[in-house]
Amino acid sequence: ELLPLVQVAEALAQKYDVVVTNPPYMSSGNMGAKLLSKIKKEFDVGKNDTYSAFIIKCRDFAKKKGFYSMITMQGWMFTQRFEELRQLLLRDTLCSMLHVGYNSFPELNSKIAQGTSFSFRKNYVKRYVSTYYDLTNRVPQSADKKQIFENKMASNDCIEMINDKFTALPGCQFAYWITPALLNDFSDGIKLGNIAAPRQGLATGDNDTFLRFWHEVPYYKLGFSYKTTEEFQLSNKLYAPYNKGGEYCKWYGNRDLVIKFDNVNYNILQNQGNHLPSKQYYFSECATWSALTTSGFSCRYCENGFVFDTKGSSLFCNNRDELLMYMGFLNSIVANEIFKMLSPTVDYNAGTVANVPILSKKNEKVNYIVEDNIEKTKRAADSFETSWDFQHHPLLRKVTTIAEAFEQWQTECDDRFNQLKANEEELNRIFIDIYGLQDELTSDVEDKDVTVRKADLSRDIRSFISYAVGCMFGRYSLDMDGLAYAGGEWDNSKYASFAADKDNIIPICDDEYFEDDIIGLFVEFVKTVYGAGTLDENLKFIANALGGKGQPKDVIRNYFLNDFYKDHCKTYQKRPIYWLFDSGKKNGFKCLIYVHRYQPDTIARIRTDYVHEQQARYRTAIADLEQRIANASTSERVKLKKKLTALQAQDTELRTYEEKIHHLADQMI
């Protein structure tokens, strides 16, 4: 674009010794088929990145049997889009490589800048043994890689690999560390993509419009378990469950998102984003995984009813038995070793998964273990309220103390964790034997790689408090499992054991100013669950778990004032379902509302029924303190003045806040 096309054509013609008879104004045919072919071929191979174009140019500059050596990013060695470049380079002879990986340029302090240094000779030598020095993330990232390299050089600690073997690998990846046994597995196995369907999903082009966390939207608008797009759209539901990858998690989980997928939004999505690829697989049973992660590959079972994203790629099989078998393999240490070779850049796209070699399509023991793993992981996930299949809090048990309930829960978690770990190690043993890697891998699974949570006293008491707040608002009920209310028609008969708050406004105060103060409601909840006889013991246990000092009720009150909402926002990934009205740092006034019970007059009721009431109480308390100060002794007067100053600051803060919500209340939003 910088030079006239004629000059470009003449320069290329001179390079390739092609005669251009006419200026190439009108059609590509004027340049000659030979010239076009060479230009296109060179462009296609080097078009993916600037450095890949430089590799090609340096190769062009090198004479026959000459050398070209470079320092580049490592992506060309592995990723699918550089396959043609690798095929081109394998026409030459790789002499040696220093693979630095992470921290190639320490001054950048970047995990992205992963480099490699290499030297090629521009001629092909059959069965040439190349030398590799591996400084990638197999050594600590913070290590002095220069010193490690010098030590490896001195001790001749290197990897040797015959160049010809790279052509036997899918995509000709430069996985120089691959062992003979694993290389044979690629030769003997069938590519997963030839017997199943790994597929990349859709990209909306506008996630803010189309995607929501499931807890944000009214529950009656969600459609579960539909088997086809047509069936879902006939249901008149708005949102379908959506797989979009997520954190490292095996067997089951990461079910947070939903997508607008009714007929109207489906038609919009067909014309934007990536235009709904693989639509024939939507809502089908599958295994799904996170396409981009630094934590390793992990796939999860997904029953009928889900749409999937580009970052939540999915595997579809002929039947459930095959699906379970492949899931067991993909979550094994053997597959993890294969992925280190297929995707060192930790991009597990559908094409990468399609290249995994499969040596066994059926194994009843594997399927039994995988079924058990899915069931155990699902039960663990459903113990937390962020799951849409959550039934009730795990500390609600037929005991009289929360300490005993936690002890039972802890035992249950430990048993599940240990059994899941044992199951995964058994799967590793099975696949190590199938793939003949007994000399290279062990079946051991580290605790950190078992993706069910153990009991944690502090976290689980906080989640118990969150569940109690849900019961206060009517989201949950002690009289039924699962969601009691998340939009739709309110049914007061669901709350016989513990009544839901009538006006959907629960104040959080630093003293007992209101009858429906959150501390009073929480104490009543604990009494209802475990009985009045052990109330003091249970409140003390809860306070100790929270880690505060002072009387149990004071510790719990401080938690609600200072930490509850931060925990709530973290749990719900910054999309809270309980909304906080907060006057400021002086704690003049705070209250919570439940978003699914919000009404246009909610803010007006906060102002008239609570803020004005609080202001009146402050005025009364201030007047009382002023009178007591006038009649107090000198030592007592100091304490009272300090308390008066604090009350006056709260009163001032609340006056300012009243003006703000007055403006909002009048809008009836």
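Everything here concerns the structure above.
Being a predicted model, the structure only gives us computed values, none of them experimental.

*Asks:* Can you break down the sheet that holds strand β3 (residues 115-121) residue by residue, with the values?
*Replies:* Pairing is mixed across the open sheet formed by five strands, whose spatial order is β1-β3-β2-β4-β5. A strand with exactly one partner marks an edge of an open sheet, and here the two such strands are β1 (67-73) and β5 (159-162). Direction aside, neighbouring strands of the sheet carry axes that sit 15 degrees apart on average. Note that strand β2 (residues 93-101) and strand β4 (residues 129-134) share four bridges and pair parallel. Bridged to M97 within β4 is Y132.

*Asks:* Describe the side chain of N349, listing the residues and the values that go with them.
*Replies:* With respect to the helices, strands and loops of the structure, N349 is situated in the loop between α12 (333-342) and α13 (350-354). A polar side-chain atom of N349 sits 3.0 Å from the main-chain amide nitrogen of G351. Among all residues touching N349, those that are not within four sequence positions of it are Q80, W289 and A291.

*Asks:* Outline the sheet that holds strand β16 (residues 506-507), supporting the account with residue identities and numerical values.
*Replies:* One open sheet holds the three strands; their spatial order is β16-β18-β17, and the pairing between them is antiparallel. Two strands lie at the open edges of the sheet, namely β16 and β17 (578-582), each paired on one side alone. Pairing of β16 with strand β18 (residues 590-594), which is carried by two bridges, proceeds in the antiparallel orientation. Residue P507 lies in a different strand from β18, and its bridge partner there is C591.

*Asks:* Quick rundown of the packing of helix α17 (residues 518-530) against helix α19 (residues 552-562)? Include the residues and the values.
*Replies:* Between α17 and α19, whose axes approach to 10 Å, the crossing angle comes to 120 degrees. Between α17 and α19, the interaxial angle falls into the category oblique. Crossing geometry of α17 relative to α19 is assigned as right-handed. Residues I518, I519, F522 and V523 of α17 touch α19, and the partners they reach there are K553, I556, R557 and F560. In terms of residue class, the contact of α17 with α19 is built from six nonpolar, no polar and two charged.

*Asks:* Tell me about helix α18 (residues 535-546), residues and numbers included.
*Replies:* Here α18 is twelve residues long and its end C-alpha atoms lie 17 Å apart, about the 16 Å a rise of 1.5 Å per residue gives. All buried positions along α18 are accounted for by L535, N538, L539, I542, A543, A545 and L546. In a view along the axis of α18, the buried residues occupy a sector of 160 degrees, so they form one face of it. For α18, exposure combined with an orientation more than 90 degrees from the buried face picks out D536, K540 and N544. Buried residues along α18 sit in contact with α15 (402-434), α16 (457-473), α17 and α19. With its phi angle positive at about 90 degrees, G547 sits one or two positions after the end of α18.

*Asks:* So what's going on with the environment of C286? Residues and values would help.
*Replies:* Structurally, C286 can be placed in strand β11 (residues 286-289). Along the backbone, C286 and E303 are 17 residues apart, and their C-alpha atoms lie at a distance of 6.5 Å. Not counting residues within four places of it along the chain, the set of residues in contact with C286 comprises R300, Y301, C302, S314, L315, F316 and L323.

*Asks:* So what about the nonpolar core? Which residues, and what values?
*Replies:* Ranked by internal contacts, the top residues of the largest apolar core, which has 87 residues, are I259, F261, F522, I542 and F560. Setting aside chain neighbours within four positions, we find F560 in contact with I465, V469, I508, I518, I519 and F522. One finds W251, Y326, A335 and L437 within the second-largest nonpolar core, a separate group that totals 78 residues.

*Asks:* Explain the environment of L396 to me, and be specific about the residues and the numbers.
*Replies:* Residue position: L396 is located in the loop between α14 (364-381) and α15. Apart from the residues within four sequence positions on either side, L396 is in contact with F464, Y467, L478, V529 and Y530.

*Asks:* Hey, could you go over the pairing of strand β9 (residues 239-243) for me, with residue numbers and the actual values?
*Replies:* In terms of burial, β9 is largely enclosed, as five of its five residues are buried. Sheet topology places β9 next to strand β10 (residues 257-260); four bridges connect them, and they run antiparallel. Bridging from a neighbouring strand, Y239 pairs with K260 of β10. Bridging between β9 and strand β13 (residues 307-308) involves two bridges; their strand directions are parallel. When the sheet's bridge partners are listed, Y242 is paired in β13 with V307.

*Asks:* How would you sum up unusual backbone geometry? Please name residues and give values.
*Replies:* Located in the positive-phi region is R127, a residue other than glycine, with phi close to 55 degrees. On the secondary structure map, R127 appears in the loop between β3 and β4. You can call R127 exposed: its relative accessible area is 53%. Positioned with a positive phi, S278 is a non-glycine residue whose angle comes to about 55 degrees.

*Asks:* Summarise the packing of α19 against helix α20 (residues 564-571); cite the residues concerned and give the values.
*Replies:* Helix-helix packing is characterised by the crossing angle of the two axes and by the distance between the axes. Contact geometry of α19 with α20 gives a least axis separation of 4 Å together with a crossing angle of 55 degrees. Taken as axis vectors, α19 and α20 run oblique relative to one another. Across the interface between the two elements, Y559, F560 and N562 of α19 pack against F564, K566 and D567 of α20. Its residues assigned to classes, the contact of α19 with α20 comprises three nonpolar, one polar and two charged.

*Asks:* Run through the pattern of salt bridges, naming residues and quoting values.
*Replies:* Applying the stated criterion across every chain yields a total of 31 salt bridges. We note a salt bridge from D309 to K244, for which the minimum N-O separation is 3.4 Å. With D309 in the loop between β13 and β14 (314-316) and K244 in the loop between β9 and β10, this pair connects stretches of sequence that are 65 residues apart. Exposure remark for D309: the relative accessible area of 2% places this residue in the buried category. One salt bridge in this structure joins K448 and D449, with 3.3 Å as the shortest N-O distance. Among the charged side chains, a salt-bridge network with shared partners connects E285, R320 and E371.

*Asks:* Could you give an account of a nonpolar patch on the surface, with specific residues and numbers?
*Replies:* On the surface, I71, F105 and L108 cluster together into a nonpolar patch covering about 310 Å² of accessible area. Residue placement: L108 occurs in the loop between β2 and β3. Judged by its relative accessible area of 51%, L108 is exposed.

*Asks:* Run through the side chain of S443, naming residues and quoting values.
*Replies:* Summarising the element assignment, S443 is placed in the loop between α15 and α16. Taking the relative accessible area as the measure of exposure, S443 reaches 13% and is therefore buried. A distance of 3.4 Å separates polar atoms of two side chains, one belonging to S443 and the other to R429. Setting aside residues no more than four positions away along its own chain, S443 makes contact with E425, N428, R429 and I432.

Here is what the cut-offs are and how they apply
Residues numbered from 1 in each chain as written. Predicted model: local features only at pLDDT ≥ 70, side-chain atom pairs only at ≥ 80, totals over all residues. Heavy atoms only, no water. Pairing = 2+ DSSP bridges. Helix = DSSP H or I, 4+ residues; strand = E, 2+ residues; numbered from the N terminus. Axes fitted to C-alpha atoms, helices over the stretch in contact; angles between N-to-C directions. Polar contact = N/O pair within 3.5 Å; in protein donor to acceptor, adjacent residues only side chain to side chain. Contact = heavy atoms within 4.5 Å. Parallel < 35°, antiparallel > 145°, perpendicular 65-115°, else oblique. Left-handed = near helix turned anticlockwise from the far one by under 90°. Nonpolar A, V, L, I, M, F, W, Y, C, P; charged D, E, K, R; others polar. Expected span 1.5 Å × (residues − 1). Buried < 20%, exposed > 50% of the residue type's maximum accessible area, 1.4 Å probe, protein only. Arc of directions from axis to C-beta. Core = buried A, V, L, I, M, F, W, Y, C linked by side-chain atoms within 4.5 Å. Salt bridge = Lys/Arg side-chain N within 4 Å of Asp/Glu carboxyl O. Patch = residues over 30% accessible without salt bridge, like charges linked within 9 Å, V, L, I, M, F, W, Y side chains within 5 Å. Areas by Shrake-Rupley, 256 points an atom, 1.4 Å probe, with all protein chains shown as cover.

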